[in-house]
Amino acid sequence: MKILALGAHPDDIEIFMYGLVCIYKNEGNQVFTMIATDGAKGGSQEDGLLTKQRAKETTAGLKDLSTPIFLNLPDSELGEDPIHQKIIKENVLNIMPDLIITHSQLDYHADHRSLSLLTSNSVSHYIPILYCDTLMGINFQPNYYFDITDHFEKKKEAILRHNSQSPQRFVDLSKLMNSYRAAQCNAPQGKYAEAYSFSPSFPFTDIREILPPSLKVRPFHIDNQNGFL
C-alpha cells in the first residue's frame, strides 16, 4: 500500500503521526510524507533563514520514513488563497495513496483545520482519510488506537531534531498524550498509543482491512489487574 502522512507544519508528522507511520513503514508499505506550509511563523528568525532551518530539521526527523515533500505554502495563511487547494490536490493525486493520515478539522491551529478540509475536498470519495489526535485531545473522539510503544524512542528522536522549536516540550507532550491514550485502553504503565478518528462515507464504510491491529483488549476486574487498572 501507499501511505501518505500530510502535516500542516514541519514537526507535525513527528508529534502527531510518527508512531503509526512507523508501523506502516515496518510492515513494508510505501510511505510518503508531505509538509503543507513553510513553517516561517514558528520562530523569531527571518522567514528565509527559519524556513531553511525547519526544512533541514524535518528532513532529519523523517529520514527513517521517507524524504519529505515540501509544498512551502505560507505558514498561518493556509487556505486563504484558492491556489492552495490546487497545489495540495495535484501533489496528493500525483501519489494517489491508498490512505491519507492528516489533521482533524477540530484541531487547535487554523492551518491544521484548513489542511484537513483542503485534503478532504481534494480527494473527495476516492481516498480514505484517517485523522490524527488534536493537541491535548480536545474535541477529539478517537475510534482507533494503535500501540506505538516499540516506536516511541524513535518518535522522541525525530521530535528532538527540531531544535528551532524547543523540542523537549513536545517530547513531554507526546509522553503525556500517548501514555494517556494507551491508559484509555487499559494498557499497563510504560505503554504508548496514538489515537485516530475515521468517519465512514461511501465507499469507505469500513477501513479496518488497511489498518494495523488495534491495542490489545484488557478487561478491568477489581480482583485481577490486567493493565493500567
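Quick caveat: nothing in here was measured; it's all calculated off a predicted structure.

Turn by turn, an α-helix covers 3.6 residues, leaving residues three or four places apart pointing in a common direction. The end-to-end C-alpha distance of helix H5 (residues 110-123) is 20 Å, a good match for the 20 Å that 14 residues give at a rise of 1.5 Å each. Downstream of H5 by one or two residues, Ser124 has phi in the positive range, about 50°.

The subject of this paragraph is the sheet that holds strand E7 (residues 193-197). Strand order in the open sheet made by the 7 strands is E3-E2-E1-E4-E5-E7-E6, with mixed pairing throughout. The sheet is open, and its two borders are formed by strand E3 (69-73) and strand E6 (144-147), each paired with just one other strand. Within this sheet the neighbouring strands show an average axis-to-axis angle of 25°, counted without direction. Pairing between strand E4 (residues 99-102) and strand E5 (residues 129-132): 3 bridges, direction parallel. Counted as the bridge partner of Thr102 is Tyr131 from E5. Contacting strand E1 (2-7), strand E2 (30-37), E4 and E5, H5 runs over the sheet at an angle of about 175° to E5.

Going from Phe202 to Pro203, the amide bond is cis rather than trans, its omega being 0°. By the secondary structure assignment, Pro203 is in the segment after E7. Its identity is not glycine, yet Met96 carries a phi of approximately 50°, on the positive side. Structurally, Met96 can be placed in the loop between helix H4 (83-95) and E4.

This part takes up the nonpolar core. Ranked by size, the top nonpolar core spans 34 residues in total, and within it Met17, Ile101 and Leu130 carry the most contacts. Examining the composition of this core, we find that 6 residues originate from one element, helix H2 (residues 18-26), more than from any other. Not counting the four nearest positions on each side in its chain, Ile101 is found in contact with Ile3, Leu4, Ala5, Leu6, Met17, Leu20, Val21, Tyr24, Leu130 and Tyr196. Core analysis: the next-biggest nonpolar cluster, separate from the first, contains 19 residues, Leu6, Ala36, Ile95 and Tyr131 among them.

Over its 17 residues, helix H7 (residues 168-184) runs 24 Å from end to end, which matches the ideal 24 Å to within 8%, given 1.5 Å per residue. Where H7 is buried, its residues meet helix H1 (12-16), E6, helix H6 (152-160) and E7. Of the residues flanking the end of H7, it is Asn186, one or two places downstream, whose phi is positive at about 60°.

Another aspect to go through is the packing of H6 against H7. Running from amino to carboxyl end, H6 crosses H7 at an angle of 150°, the nearest separation of the two axes being 8 Å. Between H6 and H7, the angle is such that the two are roughly antiparallel. Here H6 runs over H7; the crossing is right-handed. Contact with H6, carried on its side by Phe152, Lys155, Lys156, Ile159 and Leu160, involves Gln168, Phe170, Val171, Ser174, Lys175 and Asn178 of H7 and no other residues of that element.

A cluster of nonpolar side chains, namely Phe220, Ile222, Phe228 and Leu229, defines an oily patch on the protein surface of about 470 Å² accessible area. Residue position: Phe228 is located in the segment after E7. Residue classification places Phe228 among the partly exposed positions, given a relative accessible area of 38%.

Rules used throughout
Residues numbered from 1 in each chain as written. Predicted model: local features only at pLDDT ≥ 70, side-chain atom pairs only at ≥ 80, totals over all residues. Heavy atoms only, no water. Helix = DSSP H or I, 4+ residues; strand = E, 2+ residues; numbered from the N terminus. Expected span 1.5 Å × (residues − 1). Pairing = 2+ DSSP bridges. Axes fitted to C-alpha atoms, helices over the stretch in contact; angles between N-to-C directions. Contact = heavy atoms within 4.5 Å. Core = buried A, V, L, I, M, F, W, Y, C linked by side-chain atoms within 4.5 Å. Buried < 20%, exposed > 50% of the residue type's maximum accessible area, 1.4 Å probe, protein only. Parallel < 35°, antiparallel > 145°, perpendicular 65-115°, else oblique. Left-handed = near helix turned anticlockwise from the far one by under 90°. Patch = residues over 30% accessible without salt bridge, like charges linked within 9 Å, V, L, I, M, F, W, Y side chains within 5 Å. Areas by Shrake-Rupley, 256 points an atom, 1.4 Å probe, with all protein chains shown as cover. Salt bridge = Lys/Arg side-chain N within 4 Å of Asp/Glu carboxyl O.

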